[in-house]
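# Residue-level structure breakdown
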Amino acid sequence: MAHRQPASASIFAPGLLLDALAESLKKLDPRLLWRNPVMLAVEIASAATLAAFGYSLIGTAAEPAWFTGTVSAWLWLTVLFSTFAEALAEGRGKARAASLRQARTAVTAKRLAAPDRVDAYTVVGAEALRRGDYILVEPGELIAGDGEVTAGAALVNEAPVTGESAPVVRESGGDRSAVTGGTTVIANTIVVRITVNPGETFLDRMITLIEGAQRRKTPNETALEVLLISLTLVFLLVCVNLGPLSAYSAAASGQGRPVTLTVLAALFVCLAPTTIAALLPAIGIAGMDRLFRKNVIALSGRAIEAAGDVNVLLLDKTGTITHGNREAVAFVPMAGQAEEEVARAALMASLADETPEGRSVVGLAQQCFGLAASGTPEGATVVPFSAATRLSGLDLDGMPYRKGAADAVVAFAGGLGGSVPRDLDNKVAAIAHAGATPLVVCRGPEILGAVNLKDIVKSGIQERFRKLGSMGIKTVMITGDNPLTAAAIAAEAEVDDFLAEARPEDKLRLIKEHQEAGLMVAMTGDGTNDAPALAQADVAVAMNTGTQAAREAANIIDLDSNPTKLLDIVEIGKQILMTRGNLTTFSIANDIAKYFAIVPASLAAIYPQLGALNVMGLASPRSAILSAVIFNALIIPLLVPLALKGTGFKPMPAERLLIRNLLLYGVGGMVAPFVGIKAIDLGLGLLLHFLQGTVAP
Amino acid sequence: MDLLAWLQTGLLFGVLLLAIKPLGAYMAKVYGGQRTLLSPLLIPCEQLLYRVGGVDADEEMGWQQYAVAMLLFNLAGLAMLFTLLCLQHLLPLNPRNLPPFTWQLAFNTAASFVTNTNWQAYGGETAASYFIQMAGLTVQNFVAAASGMAVAIALIRGFARRRTALIGNFWVDVSRGVLYILLPISLLAALALVSQGVIQNFAPYRSVPLLQPSAVDTPLGQATVTEAILPMGPVASQEAIKMLGTNGGGFFNANSTHPFENPTPLSHFLEILLMLLIPAAFTHTFGLMVGNSRQGWTLLTIMLLLLATAFLLLYRAEVAGTAPLARAGIAGGNMEGKEIRFGLAATSLFEAATTATSCGAVAAMHDSLTPLGGLVPLSLMLLGEVAFGGVGAGLSTMLAFAVIAVFIAGLMIGRTPEYLGKKIEVLEMWMAMVVVLAAGIVVLAFSALAMATPSAVAATANGGAHGLSEILYAFASMANNNGSAFAGLNAGLDFYALLGAVAMLIGRFVPAVAMLAMAGSLAAKKYVPPSLGTLPTDKAPFALWLVLVILIVGALSFFPALALGPIADHLTTVGGR
């Protein structure tokens, strides 16, 4: 399938940046900022320094106005950078939501008086439609709301929702009956039963999700906030504590003076985990956005995080692990028969067979023996498959060619006076043992051989399962096949386990069993009969081509209807958590260097010997404090790309991953600020030198 | 260190390690209600207790019920001890007719003994009668310790159990802790101490003539002292539980430096062993109860590592001495405030162990340690007393740190964090943060309050950075329920008595309730079996990370205060005062 990637604009496109800037200024409002308590505390500290700055302009303050002013400016920038990061992450989603909204505007619908009378309708606005209404949609018209096709089949362009330009078939009955409001019918007329009230439609939910208006904090995010708020509280107390302690010490040592409010506020902001707190909202939003760009809609942030925890993955065999249809892969002659004769007879029996299996027999015969034929030969009588005979084929020149299950063909050939080849049972059993389906072919009373019809496992799927395995995720294949076939395919696809002859209630039971054992279960599904299992699963991915019931039961919807997407979802789920964890570690590790900058700078006047702690050799107390504050502010925009893209993810055992990330973000987080603060201090020194040079006579 | 010091340190840790497995397994059996060697003897006593108290031993409690029982039990203990102290003059076994405690001092002392702190704002031999020492203080030594152990056991059950609201019966846990664990070991230990010369009698204080009368200055002019008064008392019985229950409140003011409390190097050895014994064995009890003893060994290794490092730092600082000592021509390290009979190594080990656990008994004066040496006990307390810690409380705090470490590490590997198969969620994080930070918050807030109060500042013996250390140490000791004193501070001041009592009560019961809440929440969760994606918490990388989390949280919380206290003290001393 050719994909059009929606919203491919770079995060840093100038337009988006400007919008984000405007938005970030609005977000400085404390009433909005309270959702991020750490940054709110920083804002209050910034306000305090601003007040101190005002005071230093009019009165005599402990610190010169330029110093307090600069510190205050950088503290405000710290808050602004944080709101900017969030606005930037939201920006791209907003652009897409706006385009979606266009699809929703001013749609009218032909509401039917009764579902079976397509001639009697009234034209109403989409907002007037209620669940249970029936509407008629004709070619070229927009479907006014989410629903299910109850009559007819149509070609529908779902590009506004999926970004997929090729139209798809939507038909009544079966698993492809769901239609989405805002999509356009291209050909044929259908009757749709509306299943969702206006304002709750898929498109509406998507828009609110993308805009982040309804973004609720996930449990993990809240737990992380607990950590950050607690640390912030302690650091606030550390700074409050430093006031009286330094006052006492200054009095006791007879030199220096108590640490000023400006320095205390600077110390507080530097110590508070601002880096992670500033980027926390952006990480979650950006994670959802990365999913959108993979054409996956997560209906809650919780579902994505849960995806990162999944231990068991239930996959439908058909369409996920194997291509939807079985294919003929070999002709197996009975003793004394030539392979080509089997191929010829099979070809004849399949010429009129339009099923994918029948066509694959024709294809194989062409490929192996160059037996060219197309369409039904002239004068032939087609015998279609019937439940009674369980055979199909054709009669040509009085000779019947048939293919079907072994017992059915034996019965047919026996009826014509044929005998059963001695090796038939063995050969048929051999094919079945290998996980394939034997299709026996006869020409008149003579049983010639069998066609090996095989489920074709998708190429490259084994590698994906191995990747999942290395992440500790167990894969379970679910199939309606018999256990023998299932086992063979499971072995070929390298899944860890399989459930054969599965009925819907078996799926539900399997999920419950795993959950009882404490495991997190993900499953993909599309049919209405999958809905109960989807509702039970922790991570339920519904295909967009699936039924409305399946889509409602799921918490993630894959617009591409590609079941192996779960891998991407798992990966993004993990990435979001890892980015949070890594930035938390980085943020806290930073504090060590900041202490070595600020503590000697603010206390060395009291005890000059504490200058020994100035291991970075920073030029002056004020430049040390400024350098720490500037570093603390600048690190936020520097890490925005990381927060938006997520930290790199390679599947590896947990312990190695921890060591790697600790080295990268823990040790890196300790070292980086030493380098950064020293560099800024040197830069400030040069700047000061230059300023003095120009001002000096 | 010389060979002898290495040998005695090695021997101590060797004996400790040998004792951990049997004792840990024994405690797991006791709290699991299984039969032990002592059952035939103690089951009747236990049954009698339950019958008297009207307790149904088979009925387990939810966490709220457990917490209420724990709080009520301790409140009753507080009220009883407070009353006894205030009525001392009316009670028997008071040969010196000591007056009652003032209410402030009584409140401080009652809070101190109920919270397993044993901060002593009074002098044992000059303020407390034998009755008070035995029926008041020693009783609390037992039950406060058992109370802390019960909370830890409830927390362990939280990790071990699945999908239940029940975390055990507080009354049963406390009774078994006292009957099966504390009493038998105390009995043996008291006998061993008596064999070394620790006294045990009800005799009146003895006057002994001095061989060499000496002249002293008194406010009334010069006087000649011809005799000394030797305090007596039932010391050994209190000494044993003082160490075993990591209580630390000495019978005498001089605590374990007093020859009647700690006469010989062997008694010194025994006392160190006693204070480490239960907290160390608890790690194995934990491992057994959660069904993976490697988890317990991991925590034990971390604790040992922290304690050994602290000991070596302290020992080195004391051996190095200070610049003023060197200028005075004094070689052989800093022996000020230490007992010659123990020497530098054994003293350092005692002081490191007493602050690494929440014992707080002292065999040397911490005020006289070198600035860097004094930083070690102070830091050990400020880190939350996790290097073994108090009986029960130490393991609980360590588990809270582990929860936090697991949380961050879990995120870093991209999974909802889980520890011992239990998912760590919002409630667990809140409770773990409360456990880990409550004492630190109290220290920061109360020491700031003291520094801003002139009368409180005036109570320090030394000015400058050392004075600041004294106040910081006092609140660190009280809030972390250690009870050791830096000395030098006039702790009898109402300000310290009352604020200190509050600090001790917060430092004990806020984390305890938080742990029980965490236990309740954990017990209700289902168990998540480990997979390839699960972070192993019984291996070196996680252990190292846990150590880092403990150190970083401690360092970040207290670096500025320490810079103005011991660090400034050290740096100014190096340059000469």
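Residues numbered from 1 in each chain as written. Chains lettered and ligands numbered in written order. Predicted model: local features only at pLDDT ≥ 70, side-chain atom pairs only at ≥ 80, totals over all residues. Heavy atoms only, no water.

## Thoughts on the overall build of chain B
Put simply, the rule is: Starting at the N terminus, helices and strands are each numbered in turn, a helix being any DSSP run of H or I of at least four residues and a strand any DSSP run of E of at least two. Only protein chains enter the calculation, and the probe is 1.4 Å; a residue is then buried if its accessible area is under 20% of its type maximum, exposed if over 50%, and partly exposed in between. What makes two residues a contact is simply this: any of their non-hydrogen atoms within 4.5 Å. Methods summary: accessible areas were calculated by the Shrake-Rupley approach with a probe of 1.4 Å, and residue burial reflects only the protein chains presented. Neither His nor the chain ends contribute to the count of charged residues, in which Lys and Arg are positive and Asp and Glu negative. For the purpose of locating charges, the reference atoms are NZ of Lys, CZ of Arg, CG of Asp and CD of Glu.
Within chain B, the regular secondary structure consists of 19 helices and 4 strands. For chain B, the C-alpha atoms occupy an extent of roughly 75 × 60 × 50 Å along the three principal directions. A burial count over chain B gives 63% of its 577 residues as buried. Partitioning the intrachain contacts of chain B with sequence separation of at least 6 by distance along the chain shows that 78% fall at a separation of at least 24. When the accessible surface of chain B is totalled, it reaches about 19900 Å², and 68% of it is carbon and sulfur. Here chain B carries 25 positive and 26 negative side-chain charges, and the mean point of each set is 13 Å from the other.

## Points about the sheet that holds strand E3 (residues 134–137) of chain A
Residues and elements named next belong to chain A. Counted only if it meets this: Any two strands with at least two DSSP bridges between them are considered paired.
Taken in spatial order, the 6 strands make up an open sheet running E2-E1-E3-E9-E4-E7, and their pairing is antiparallel. With partners counted over all chains shown, the strands left at the sheet margins are strand E2 (121–125) and strand E7 (178–179), one partner each. Relative to E2, strand E1 (residues 108–112) runs antiparallel, the two being bridged by 5 bridges. From the neighbouring strand, Ala-109 faces E2, where its bridge partner is Val-124.

## Some details on the packing of aromatic side chains
Operational definition: Classification of ring pairs rests on two measures: the distance between centres of Phe, Tyr or Trp rings, Trp counted by its six-membered ring, which must be within 6.5 Å, and the angle between planes, read as stacked under 30 degrees, edge-to-face over 60 and tilted in between.
Going through the model one piece at a time under the given rule, you end up with 20 aromatic pairs over all chains. Each ring, one from Tyr-595 of chain A and one from Phe-559 of chain B, has its centre 5.2 Å from the other, and the planes form 55°; the classification is tilted. A residue pair is termed interchain when its members come from two chains, as with Tyr-595 of chain A in helix H20 (residues 565–603) and Phe-559 of chain B in helix H19 (residues 540–574). We classify Phe-559 of chain B as buried; its relative accessible area is 15%. Seen in terms of ring centroids, Tyr-130 of chain B and Tyr-205 of chain B are 6.3 Å apart; in terms of plane orientation they differ by 40°. Their pairing is tilted. Within this pair, whereas Tyr-130 of chain B is found in helix H6 (residues 130–160), its partner Tyr-205 of chain B is found in the loop between helix H7 (170–196) and strand E1 (206–218), the two being separated by 75 residues in sequence. Residues Tyr-130 of chain B and Tyr-205 of chain B agree in their burial class; the two are buried.

## Digging into the side chain of Lys-110 of chain A
All names here are of chain A. Going by this rule: By the criterion applied in these results, polar contacts are pairs of N or O atoms within 3.5 Å in which, for protein atoms, one can donate a hydrogen and the other can accept it, and in which residues neighboring in sequence qualify only through two side-chain atoms.
Note on placement: Lys-110 falls in strand E1. Within the local environment of Lys-110, its side chain forms a polar contact with the side chain of Glu-138, the two groups lying 2.5 Å apart. Side-chain polar atoms of Lys-110 contact the side chain of Glu-141, separated by 2.4 Å. Lys-110 has contacts with Tyr-121, Thr-122, Val-123, Tyr-134, Ile-135, Leu-136, Glu-138 and Glu-141, leaving out every residue within four places of it along the chain.

## Side note on the domain arrangement of chain B
Residue and element names in this part refer to chain B. Defined as follows: Note that the domain bounds reflect an automated or database-derived domain assignment. The term buried area means the drop in 1.4 Å probe accessible area that two parts suffer when joined, counted for both and summed. Only one rule defines a salt bridge in this text: a Lys or Arg side-chain nitrogen within 4 Å of an Asp or Glu carboxyl oxygen. Three classes are used: nonpolar for Ala, Val, Leu, Ile, Met, Phe, Trp, Tyr, Cys and Pro, charged for Asp, Glu, Lys and Arg, and polar for all others, with Gly counted as polar.
Assigned domains of chain B: these are domain 1 (23–289) and domain 2 (391–574). Inter-centroid distance (C-alpha atoms) of domain 1 to domain 2 is 24 Å. Of the roughly 3800 Å² buried between domain 1 and domain 2, counting both surfaces, carbon and sulfur atoms make up 76%. Contact with domain 2 buries surface across domain 1, with Trp-119, Leu-155 and Phe-159 losing the most and accounting together for 23% of the total. At the boundary of domain 1 with domain 2, the tally comes to 0 salt bridges. Of all the elements in the fold, those that place two or more residues in the side of domain 1 that touches domain 2 are helix H3 (63–86), helix H4 (103–114), H6 and helix H9 (265–289). Per-element accounting of the side of domain 1 that touches domain 2 gives the leading share, 12 residues, to H6. The class makeup of the residues in the side of domain 1 that touches domain 2 is 27 nonpolar, 16 polar and 3 charged.

## Thoughts on the interface of chain A and chain B
Contacts between the two partners involve 62 residues from chain A, matched on the other side by 60 residues from chain B. Carbon and sulfur atoms make up 76% of the area that chain A and chain B hide from each other, which totals about 5300 Å². When residues of chain A are sorted by the area they lose upon contact with chain B, Tyr-248, Glu-655 and Leu-658 of chain A head the list and together hold 13% of the total. Applying the counting rule to chain A against chain B returns 1 salt bridge.

## Considering the pairing of E1 of chain A
Bridge count for E1 of chain A against E3 of chain A is 2 bridges, and the pairing is antiparallel. Residue Lys-110 of chain A lies in a different strand from E3 of chain A, and its bridge partner there is Leu-136 of chain A.

## Structural notes on the packing of helix H1 (residues 3–32) of chain B against H7 of chain B
Residues and elements named next belong to chain B. Operational definition: A fitted line through C-alpha atoms serves as each axis, taken over the contacting stretch for helices, and the angle formed by two N-to-C directions is quoted from 0 to 180°. Each helix crossing is assigned a hand: it is left-handed if the near helix lies turned anticlockwise from the far helix by less than a right angle, otherwise right-handed if that turn is clockwise.
Put simply, H1 and H7 touch, their axes get as near as 9 Å, and they point 150° apart. Crossing handedness for the pair H1 and H7: right-handed. In contact with Leu-23, Tyr-26, Met-27, Val-30 and Tyr-31 of H1, H7 contributes Asp-173, Arg-176, Gly-177, Tyr-180, Ile-181 and Ile-185. Taken together, the residues of the contact of H1 with H7 break down into 8 nonpolar, 1 polar and 2 charged.

## A few points about the packing of H3 of chain B against H4 of chain B
Residues and elements named next belong to chain B. We apply this condition: Oblique is the label for every angle not falling under 35 degrees (roughly parallel), over 145 degrees (roughly antiparallel), or within 65 to 115 degrees (roughly perpendicular).
Across the interface, H3 lies against H4 with an axial gap of 8 Å and an inter-helix angle of 140°. Comparing the axis directions of H3 and H4 gives the class oblique. In this structure, H3 crosses over H4, and the sense of that crossing is right-handed. Touching Asn-74, Gly-77, Leu-78, Leu-81, Phe-82, Leu-85 and Cys-86 of H3 are Trp-103, Ala-106, Phe-107, Thr-109, Ala-110, Ala-111, Phe-113 and Val-114, all from H4.

## A word on a nonpolar patch on the surface
Residue and element names in this part refer to chain A. Our working definition: Residues qualify for a patch when their relative accessible area is over 30% and they have no salt bridge, like charges being joined within 9 Å and the nonpolar side chains of Val, Leu, Ile, Met, Phe, Trp and Tyr within 5 Å.
Together, Ile-659, Leu-663, Val-667, Val-671 and Val-675 give the surface a local cluster of nonpolar side chains, amounting to about 430 Å² of exposed area. Along the chain, Leu-663 turns up in helix H22 (residues 654–695). A relative accessible area of 53% places Leu-663 in the exposed class.

## A short note on the confidence of the model for chain A
Residue and element names in this part refer to chain A. The cut-off we apply is this: A score between 0 and 100, pLDDT records how confident the predictor is in each residue.
Confidence in the prediction of chain A, expressed as mean pLDDT, is 85, and 94% of residues score 70 or more. Confidence, expressed as mean pLDDT per element, reaches its minimum in chain A at helix H5 (residues 159–162) with 69 and its maximum at helix H8 (residues 261–271) with 95. pLDDT under 50 marks residues 1–9. Its contacts with residues more than four places away, or in other chains, come to 15 contacts.

## A few points about the sheet that holds strand E22 (residues 556–558) of chain A
All names here are of chain A. With respect to topology, 7 strands assemble into an open sheet ordered E10-E22-E21-E20-E11-E18-E19, the strand pairing being mixed. Each edge of the sheet is formed by a strand with only one pairing partner; in this case those strands are strand E10 (296–298) and strand E19 (497–499). Each adjacent strand pair in this sheet contributes to an overall mean axis angle of 20°, direction not counted. With 3 bridges joining them, strand E11 (residues 312–316) and strand E20 (residues 521–525) adopt parallel strand pairing. Within the sheet, the bridge partner assigned to Leu-313 lies in E20 and is Ala-522. The strands that helix H17 (residues 504–516) touches are E11, strand E18 (474–478), E19 and E20; relative to E20, the one it contacts most, it runs at about 160°.

## Regarding unusual backbone geometry
Leaving glycine aside, a negative phi is the common case for residues, and trans is the common case for peptide bonds. Residues and elements named next belong to chain B. With phi around 65°, Asn-116 is a residue other than glycine that occupies positive phi space. A relative accessible area of 2% means that Asn-116 is categorised as buried. Here the phi dihedral of Asn-481 falls at roughly 55°; this positive angle occurs in a residue that is not glycine. Tracing the backbone shows Asn-481 in the loop between helix H17 (464–479) and helix H18 (494–524).

## Focus on the side chain of Ser-396 of chain B
Residues and elements named next belong to chain B. Mapped onto the elements of the fold, Ser-396 is located in helix H14 (residues 393–412). With a relative accessible area of 1%, Ser-396 lands in the buried category. The contact partners of Ser-396, leaving out residues within four places of it in the chain, are Ala-152, Leu-155 and Met-515.

## With respect to the pattern of salt bridges
All names here are of chain A. Counting across every chain of the model gives 41 salt bridges over all chains. Two residues, Arg-193 and Glu-148, come together in a salt bridge whose shortest N-O distance is 3.2 Å. Of this pair, Arg-193 sits in strand E9 (residues 190–194) while Glu-148 is found in strand E4 (residues 147–151), placing the two residues 45 residues apart along the sequence. Note on Arg-193: relative accessible area 27%, which makes it partly exposed. A relative accessible area of 17% places Glu-148 in the buried class.

## Some points on the environment of His-366 of chain B
Residue and element names in this part refer to chain B. If you trace the backbone, His-366 turns up in the loop between helix H12 (343–356) and helix H13 (371–382). Accessibility expressed as a relative area gives 0% for His-366, which makes it buried. Along the backbone, His-366 and Ser-186 are 180 residues apart, and their C-alpha atoms lie at a distance of 27 Å. Separated by 2.6 Å, the side chains of His-366 and Glu-351 make a polar contact.

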